[in-house]
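Examining the three-dimensional arrangement
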Amino acid sequence: MRGIVLLITSAILLVSLAGVGNAEYDPPGPPAVEVRVWLLSFTPLDNFDDGWNGKSDIRFEATGNAKDGRGYYTYFEYDHDTISGKIVPKSKEGKEVMQILYKVRECWPVDLEIEIKATDVDNPPVDPDDYLGSAKFTVDKTLKKRFYSVVIPGKFVVNVYVEAVPVKEDSDKCSYFFDQPETKSSSIVTKSGANIYDFELANMLKMWIAEKGFANMLIFFQQCFGGGMTDDILKRIDGDVAVVSAAKHDEVAYGYNESSVGVKVDPFSREVIEGLKSGKSAKEIARDVEKKDEYGVYANKRYNGYVDERSEHTQYKAKGEGDKVRLGKNADGSEVKSKHAIVFAGDPDDTYDWTEVKGFVDMLKGQGFSDEDIVVLAGSGRSAARPYVDGPGTKQALWNAIKDLSGKMNKDEQFVIFVTDHGNLEKTEKALDLLINDPVKQPVPVKNEELENEDVWILDEDFLEVLNTTDDNVPYISLMILPPTEIIEEDLTYEFLGNVTLHLNEFELEPEIIEPVYALDELPDLDAYEVVFPIYDEGILGRENVIELSFDQPEMFRPFTVEMLLISTGSIPRVIDAEKPVVEEPPRPELVLELTPVFDVANETLILSDSPILSEDEISELIASGDLFALMVEKKDWYNNNTHLVPGFVKDWLGNTRVNVEILMDDGSVMDIYMVVENAYINEFEKGKLNDATARASLSEETVRRIISSDDPVAEVQKAYSNGEIQYSGVGFVESVKVEVVKVIVKIYFIISDLLG
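Keep in mind that this is a model prediction, so the values were computed, not measured.

Once that is clear, we can look at empty space enclosed by the protein. Enumeration over the complete set of coordinates arrives at two cavities of 30 Å³ or more. Of the pockets and cavities examined, the second largest cavity occupies roughly 30 Å³. In terms of lining residues, the second largest cavity is bounded by Ile436, Asp438, Pro439, Val440, Gln442, Leu549, Ser550, Phe551, Phe557 and Phe560. The dominant element in the lining of the second largest cavity, judged by the number of residues it contributes, is strand 28 (residues 544–551), at three residues.

The following block contains the structure:
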C-alpha cells in the first residue's frame, strides 16, 4: 500500500538557517530558557504532485527574529491523490513524532516571531520559482498558549507546538534584579507589630555601621517581598556590600510543609547556609539558590505560563567588590580581623521559622563566630527552650543591637544579617508632610500621583492580589506623626496620638500601636511616632480609597504633622507548599484541548479554535474567511505558471493590457484592484486604480472565492463569464472594439472546446 513517506533523509535535515554560537540572552529576567518550535502536522490546501516522481515533495523551514536562533529544514514526500486531511510526521517505525523547526535561547518572558516557509523541491536543485509561500506567527510571551495553526494562504495549514525548557547552566545570563517602585515599600514583621520598613533598616545601617566603617556586609532576606529591602540599602551605603533575597519586592516566598519542620530549612536558607559553610562568594551563593531552589524559576522541566505565578525569583545585587565577599573574608580573599552577625525573626512560627534561626546560628558558630559575635533577636526573646536568643524580635531591639555593634565596628569588621519569618508589602507616601490644623474630619490627599481626584488613594491589582494571598494577614494603615513639642515634653504623646481617628471609606479605625521612630532619616534622633490602624475587615479596602483624619478631644488638640502614610498588606507568611512541589507538565500535544490561537497572516486576525489542531471544516472556513486580496495574489502566481492554458489568440489580442477590477464585497463595500499584463504575464497586481487603464472588469466577492477554491479555475472563469457574473469592457473606442471582438471569438472557442471534449 502506498503510504505517506514522512521522514526522508533521516527524519529531519539538520540544516541550520541561522548561526547559533553562544546565545545572546535578552532581559528582562529569569529563567534562561530554550524555546523550541515543533511541527506537529500539516494540511495541504492544494495539489503539488509533479511529473518528477509523481508525488509532492515539500520542505518546511523556519526562521525567527532572534539574533542567535537556529532554524531547521524538515522534508516530506507524499502522494496527494492518496491522502485526505492532515499529514502527521511518523518515524520509520510508524510512531507519530514532532519535528523540530526552530530553537533559540533567551530570557523569560520570550519575545519571538517565527516565520514558516514552504518550498516545492520537486526537481533539485531548488530555485526561487519553487517557493510556495510563508506565514508568520508571534509566540505568546508566557507560553500560556502553546499550539498554533499557521496558515500559508492557499498552500498549507501548519500545526506547531511551542515549549520552553530551562537552561540552568546559563542562569547567570538572565539573572535580573527588579527595582521596587518609589511608591512601594517592603517591611520585616516584628513581634510588637511596629514593623521595620526598608528605608528604616537602610538608615539604621547607614548611621550606625557605615559611618563607623566596615570591611564588608553580607545580607540575606528569606521573608516575602525581601527584594524590596535591597535598593534602599545599596542607595545609602557605599563599600563592599552584597544582598541576597528569596523573593522579588512584590512576591511571596515559599517553604516546605509541616512534615519537614525540624528536619529541613527551606530551599533558600538551605543554599545560603551551605554556601557560606563551603566558602562560596555572595554571587555564587545567589546563583546556587536560583538554580537549586525547588520553588524557584528553574524547578520546572518546562514552562507553560506559570513561571511568574508560582515561583520565587531570587534577587541579588552587590556594590563595590560585594560579588567576591565570602564569610569571614575580605573581597581579596584575606581574613577579616573580626566579624559580627545579627539573626532576626520578628514573629516566628512555633516550629517552622525557629528551625532556620537555629540552623543559621549553628552554621555561624561552625565557621568561627563566637556567642559574643552573634546577636539573635526572635519572637518574645530568650526562653529555657531557646537559650541562644538574645532579645525580642522588635524594631526597638534591632535599633539597640545595631547601635551597640557600632561601638565595635571599624574598617576591618565583617557584618552579616540574616532575616527570616514574614514580610509585608506597602503602598507608601514618603513625602506627605501634611499639617493638621483642625480636629474636624478632613481628607488626606495623595501627593505623588497625578490623579483627577487627589483625595483618592489607588491600590493597583498586584497589591490587591497580594492582599488576598492569605486569610492570616491583617492589613493596616500606618501614619508617621510628629506631635507638637509641648505634647512630647509634657509626656502626653501616647494620650494625644490615641485621639487620632482614621476614617477609611467612611469606616472608623482606631490606633492600636504607637511607637517612637528613629530612622526616617540618617540622623540618630527621634523623627516621629508610628501610629498603626489595623483593618480587620479587608472588605473595606478596595482599589479606590478615601482616607480622612479626625481628632476625638478638641480641647486637647494641637496642630501636628503627618510626615508619612503607608497602606500595608499586613504580615504575609511564606506559602507552605508540598515537600516536593508538583510540577505541571504539559500533556502530550494530541491530548490537549484548549483555545488555540490561529494566526492568519493574510489579514493579521486572531481566530480561536476549540481544538489543538484545526479540523478540515475549520480549515475550509478559515480559507473562506481569509483576506480576499491575499488569496488572489496566490492565484496570480498560479496563472503566471499556467499561461499555456490561455488560448493563443487571447494572448495576442489582450496579452498587453492595463485593467482596473472592481469587486463588490459581501459587506456592501467595493474593493478596487488593478493589474498590468505584459506578454500574457501579470507583472503588477495591487490594490487601487490605474489612471491609464485600457480595460475594466467587475465581479462579486462570491464569484472570486468560487473561482479561487475551484479545482479547475479556467472552467470556473468560463462559467462565470458565460453567466454574466464577470463584466469586462475596454476603455476608449479602440480598446472597446478589441474587447468586443475577442468576446465573440472566445464564445466560439469555448463552444468548439465543449463539443470536442
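Attention now goes to the sheet that holds strand 4 (residues 73–78). Backbone-to-backbone hydrogen bonds pair the strands of a sheet. The strands run either parallel or antiparallel. Pairing within the open sheet is antiparallel, and its four strands lie in the order 4-2-6-7. With partners counted over all chains shown, the strands left at the sheet margins are strand 4 and strand 7 (131–138), one partner each. For this sheet, the mean inter-axis angle between neighbouring strands, taken without regard to orientation, is 20 degrees. Pairing between strand 6 (residues 113–120) and strand 7: seven bridges, direction antiparallel. Bridging from a neighbouring strand, Thr119 pairs with Tyr131 of strand 7.

Okay, the state of the cysteines next. Scanning the entire structure with this criterion turns up one disulfide. Here Cys107 engages in a disulfide with Cys174; their sulfurs sit 2.0 Å apart. Disulfide Cys107-Cys174: the torsion about the S-S bond is -90 degrees, which places it as left-handed. Of this pair, Cys107 sits in strand 5 (residues 99–108) while Cys174 sits in the loop between strand 9 (156–166) and strand 10 (184–188), placing them 67 residues apart in sequence. There is no split in this pair, since Cys107 and Cys174 are both buried.

Further remarks concern the environment of Glu294. Topologically, Glu294 is positioned in the loop between helix 4 (282–292) and strand 15 (315–319). For Glu294, a relative accessible area of 27% translates into the label partly exposed. In this structure the side chain of Glu294 is engaged in a polar contact, spanning 3.0 Å, whose partner is the side chain of Arg270.

Cut-offs used in this document
Residues numbered from 1 in each chain as written. Predicted model: local features only at pLDDT ≥ 70, side-chain atom pairs only at ≥ 80, totals over all residues. Heavy atoms only, no water. 1 Å grid on protein atoms, 1.4 Å probe; cavity = no way out; pocket = protein on both sides within 12 Å on 5 of 7 lines; lining within 4 Å. Points joined across faces, edges and corners; volume = space filled by probe spheres on them. Helix = DSSP H or I, 4+ residues; strand = E, 2+ residues; numbered from the N terminus. Pairing = 2+ DSSP bridges. Axes fitted to C-alpha atoms, helices over the stretch in contact; angles between N-to-C directions. Disulfide = S-S within 2.5 Å. Buried < 20%, exposed > 50% of the residue type's maximum accessible area, 1.4 Å probe, protein only. Polar contact = N/O pair within 3.5 Å; in protein donor to acceptor, adjacent residues only side chain to side chain.

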